[in-house]
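What the coordinates show
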Amino acid sequence: MTAAGHGAAEEGHLSIGGVIALLSPEFPDLTVSKVRFLENEGLVTPERTASGYRRFSVGDRERLRYVLTAQRDRYLPLKVIREELEALDSAIADGSTTALLPRHGGDGVPGSTPDDFRSDTVLRLTREDVVEQSGVDAELVGSLVDAGLIVAGPGGFFDPEAVLVARTAHDLAGHGVDVRHLRGFRTAADRQTGLITQIAGPVARQGDADARDRAAELAREIAALSVALHSTLVTVAVRHALES
């Protein structure tokens, strides 16, 4: 069979190229390198043909989508995702559940907003797009831009995360938290960015094919741990303040 033949579905299986084509509408920055990286990390284990071609079953594709969605929508590091998958595998084995993910027609579960530290093909939004997709008023978006909480990238466009920032700021405003109160979050984020870049940067420059994916995963894990630590410290401090 030719390489082209392996790109087509065969008894419900897809090649790595077929998987990229299938999932790229949901995960536009998905690459062959990233799929191989996740395979090397043991998150997905497709079959191999005698010629060495990967063959992804429906279950493999659901598993891959689960990993990508958990990274993007819940900002989870691979260590946590691996633990979730192990728990799901155990549930499937003992009959507690019959599938890795609930099916919603087609090939699996749709995602929402992109999230990865790699942005080679990430969607770019205008300010009007941010207003429309977030559902908040243009004045709030303008205030967030002025405060440096939403920052334009090359060409004056915004990353999709700007939508989440706008929605979150709107929800906080409902609790009396003004945009001026949020500048401290920007300062704290900048400090954390510097620290994470110092740690992950050398990994990205190692030069092999998986270096950038390893660096992105390392950055994600450190960021998740930082958020957990911050949340815990705030929770304890507020509890003590309310008790005093």
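Residues numbered from 1 in each chain as written. Predicted model: local features only at pLDDT ≥ 70, side-chain atom pairs only at ≥ 80, totals over all residues. Heavy atoms only, no water.

**Topic: the confidence of the model for the protein**
Selection rule: Confidence of the predictor at the level of single residues is given by pLDDT, which spans 0 to 100. A run of DSSP states H or I qualifies as a helix once it reaches four residues; a run of E qualifies as a strand once it reaches two. Both are numbered from the N-terminal end. Any two residues whose heavy atoms approach within 4.5 Å are treated as being in contact.
In this model, the protein carries a mean pLDDT of 80, and residues with pLDDT of at least 70 account for 82%. Within the protein, the element-level pLDDT minimum falls on helix H1 (residues 3-6), averaging 42, and the maximum on helix H7 (residues 138-146), averaging 94. Residue range residues 1-10 is modelled with pLDDT below 50. Its contacts to residues more than four positions away, or to other chains, number 12 contacts. For the stretch residues 101-122, pLDDT sits under 50, and the model shows 54 contacts to residues farther than four places along the chain or on other chains.

**Details of the side chain of Asp60**
Threshold: Note on exposure labels: buried denotes an accessible area under 20% of the residue type's maximum, exposed denotes more than 50%, and partly exposed covers the range between, all computed with a 1.4 Å probe on protein chains only. Only four residue types enter the tally: Lys and Arg on the positive side, Asp and Glu on the negative side; His and the chain ends are excluded. By definition here, a salt bridge exists when the distance from a side-chain nitrogen of Lys or Arg to a carboxyl oxygen of Asp or Glu is within 4 Å. Think of a polar contact as two N or O atoms within 3.5 Å of one another; within protein, one of them needs to be a possible hydrogen donor and the other a possible acceptor, and neighboring residues in sequence only count if both atoms come from side chains.
Position of Asp60 relative to the elements: it lies in helix H4 (residues 58-74). Although Asp60 is buried, it forms no salt bridge, and the closest oppositely charged side chain is Arg63 at an N-O distance of 6.6 Å. Among the polar contacts made by the side chain of Asp60, one reaches the main-chain amide nitrogen of Ser57 at a distance of 2.9 Å. Apart from the residues within four sequence positions on either side, Asp60 is in contact with Val44, Thr45, Pro46, Glu47 and Arg55.

**Here we look at the pattern of salt bridges**
Inspection of the entire model under this criterion finds seven salt bridges. Between Arg82 and Glu41 there is a salt bridge, with the nearest N and O atoms lying 3.6 Å from each other. Taken together, the residues Arg82 in helix H5 (residues 78-93) and Glu41 in the loop between helix H3 (32-40) and strand S1 (47-48) connect sequence positions 41 residues apart. Assessed through its relative accessible area of 33%, Glu41 is described here as partly exposed. One salt-bridge network, in which partners are shared between bridges, spans Glu39, Arg48 and Arg54.

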